[in-house]
Amino acid sequence: MPNALVKISELPIAQTLTGGELIPILQEGNTCKAPINTLKGEPGPQGQTGLQGAQGIPGPAGTAGTATYSLAQIRFIGVNKT
């Protein structure tokens, strides 16, 4: 038993919880202890999708490709068809 009563607000902050820590509960008028992992409920519904973030910075420039022309295209380059 503790030597003095301490307010909950004066207790130290807990570190990472594992789920096996015991806490006092009231069950059918009796004070009992239970591990905290037995107190969790069912997951709630999924929330709405958040806003889309800003566009990122452009990536690096790619390498220049080579142009390929067919013989039919080469014959008509620079030819005035009028």
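My aim in this report is to walk through the structure given alongside it, one point at a time. On a predicted model such as this, the values are computed, not experimentally measured, just so you know.

### Here's the deal with the overall build of the protein
Within the protein, the regular secondary structure consists of one helix and two strands. The order of helices and strands in the protein, counted from the N terminus, is β-β-α. Here the protein has roughly 8,800 Å² of accessible surface; of this, 58% comes from carbon and sulfur atoms.

### A look at the pairing of strand β1 (residues 22-27)
Burial analysis of β1 places just zero of its six residues in the buried class, a small minority of the element. In the sheet, β1 pairs with strand β2 (residues 30-35) via six bridges, with the strands oriented antiparallel. Each bridged residue has a counterpart across the sheet, and for Gln27 the counterpart in β2 is Asn30. Count of turn residues in the β1/β2 antiparallel hairpin: two residues, of which Glu28 carries a positive phi of about 50°.

### Concerning a nonpolar patch on the surface
On the surface, Val6, Ile8 and Leu11 cluster together into a nonpolar patch covering about 320 Å² of accessible area. Along the chain, Val6 turns up in the segment before β1. Residue classification places Val6 among the partly exposed positions, given a relative accessible area of 48%.

Reading the values: the criteria
- Residues numbered from 1 in each chain as written.
- Predicted model: local features only at pLDDT ≥ 70, side-chain atom pairs only at ≥ 80, totals over all residues.
- Heavy atoms only, no water.
- Helix = DSSP H or I, 4+ residues; strand = E, 2+ residues; numbered from the N terminus.
- Areas by Shrake-Rupley, 256 points an atom, 1.4 Å probe, with all protein chains shown as cover.
- Buried < 20%, exposed > 50% of the residue type's maximum accessible area, 1.4 Å probe, protein only.
- Pairing = 2+ DSSP bridges.
- Patch = residues over 30% accessible without salt bridge, like charges linked within 9 Å, V, L, I, M, F, W, Y side chains within 5 Å.
- Salt bridge = Lys/Arg side-chain N within 4 Å of Asp/Glu carboxyl O.

Functional significance is not addressed by these values, which are geometric in nature.
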